[in-house]
Amino acid sequence: MKKIAKKIQVIFKNRTFRKTIKTMAFFMSIMLVVFFVISPVSAAPEDPSDDYSITLSVPDNDDSTSMSSTLQMLLLLTVISLAPSILVLLTCFTRIIVVLHFVRSALSTQTTPPNQVLIGLALFLTFFIMSPVFNKINTEAIQPMSNGEITTEEAFEKGLAPLREFMFKETRTKDISLFADIAGINTEDNPIESTDDIPTSVLIPAFIISELRTAFIIGFIIYLPFIIIDMVVSSTLMSMGMMMLPPTVISMPFKILLFVLADGWNLIVGNLVKTFY
């Protein structure tokens, strides 16, 4: 305690510290004068009859069939926050990006092309493939709701229908049955008779695992020619006694050469897009 008291005394005896305190006190006094003298004069209303009250009103439906603007704004913000997940998981984006990563791994180029390029390519391919679905959603749901022809609930159902149709086309029946059995929907007393009986909560995970399975099958096919090059290069190096040299260093230029000569991007992207048609 004595040491602390001595240090405090030394600080207060310092001239610079005392000058700083005086300067701060001077500016504080000026601010107080400005606040208590000038502020009331400038804040005085020109007309005493002016009303400065704030009125908060919430619009209602007035017995109409459409949602209020407040709820529509809340729904719009919710959709915007979930848009990345919807774009990634409910479209063809998953299959495309997984296949592109398999291509990069098979070429052994590690970070070439970079992730930004692969994601950008996958996004534009997704918009290209999903454009008929998006146009149908816009024509049947968004535009009629904007014109007041249908309610928001009807727009949601009509907008979800094209997306469900796309997912059903790309989803295996086995995967749908798996999640339907887990959810207790497909039973002997209540069997599934049509696609309308399958809820979207069952369809979405079934669609995702189906897309992953298809992407892994395509990735396996892409890997095969590059594995052959790796085997030839590694066996050649071992026969020459160059076991200390990594085979990937020698095989990577040959992989890139084969990929370029075969016009690999055209073949992979073209056949990948055709899997959705």
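Residues numbered from 1 in each chain as written. Predicted model: local features only at pLDDT ≥ 70, side-chain atom pairs only at ≥ 80, totals over all residues. Heavy atoms only, no water.

A. Spotlight on the packing of helix H5 (residues 115-146) against helix H6 (residues 152-170). Following both chains from N to C, one finds H5 and H6 inclined at 170°, their axes separated by 8 Å at the closest point. By the angle between their directions, the pair H5 and H6 is classed as roughly antiparallel. The segment H5 lies against H6, with Met130, Val133, Lys136, Ile137, Glu140, Ala141 and Met145 engaging Thr152, Ala155, Lys158, Gly159, Pro162, Leu163, Glu165 and Phe166. (Axes fitted to C-alpha atoms, helices over the stretch in contact; angles between N-to-C directions. Helix = DSSP H or I, 4+ residues; strand = E, 2+ residues; numbered from the N terminus. Parallel < 35°, antiparallel > 145°, perpendicular 65-115°, else oblique. Contact = heavy atoms within 4.5 Å.)

B. Summary view of the packing of aromatic side chains. Per the stated rule, a full pass over the model turns up six aromatic pairs. Here the aromatic rings of Phe102 and Tyr223 are separated by 6.1 Å at their centres, their planes lie at 85°, and the arrangement is edge-to-face. Remark: Tyr223 occurs in helix H8 (residues 200-239) and Phe102 occurs in helix H4 (residues 93-107); sequence separation between them is 121 residues. On the basis of relative accessible area, Phe102 is assigned to the buried category, the value being 18%. Accessibility expressed as a relative area gives 26% for Tyr223, which makes it partly exposed. We note Arg95 situated over the ring of Phe276; from NZ or CZ to the ring centre the distance is 4.0 Å. (Phe/Tyr/Trp six-rings, centres within 6.5 Å; stacked < 30°, edge-to-face > 60°. Buried < 20%, exposed > 50% of the residue type's maximum accessible area, 1.4 Å probe, protein only. Lys NZ or Arg CZ within 6 Å of the ring centre and 35° of its normal.)

C. Representation of unusual backbone geometry in the model. Here the amide bond leading from Thr112 into Pro113 is cis, since omega sits at -5°, within 30 degrees of zero. Although it is not a glycine, Ser108 sits at a positive phi angle of roughly 60°. Inspection of the secondary structure assignment puts Ser108 in the loop between H4 and H5. According to the relative accessible area criterion, Ser108 is partly exposed, its value standing at 22%.

D. Spotlight on the side chain of Arg164. Its place among the elements puts Arg164 in helix H6. Here Arg164 falls in the buried class, since its relative accessible area comes to 13%. Side chain to side chain, Arg164 and Thr200 meet in a polar contact 3.0 Å long. Once you skip the residues sitting within four places of it in the chain, Arg164 turns out to touch Thr195, Asp196, Ile198, Pro199, Thr200 and Leu203. (Polar contact = N/O pair within 3.5 Å; in protein donor to acceptor, adjacent residues only side chain to side chain.)

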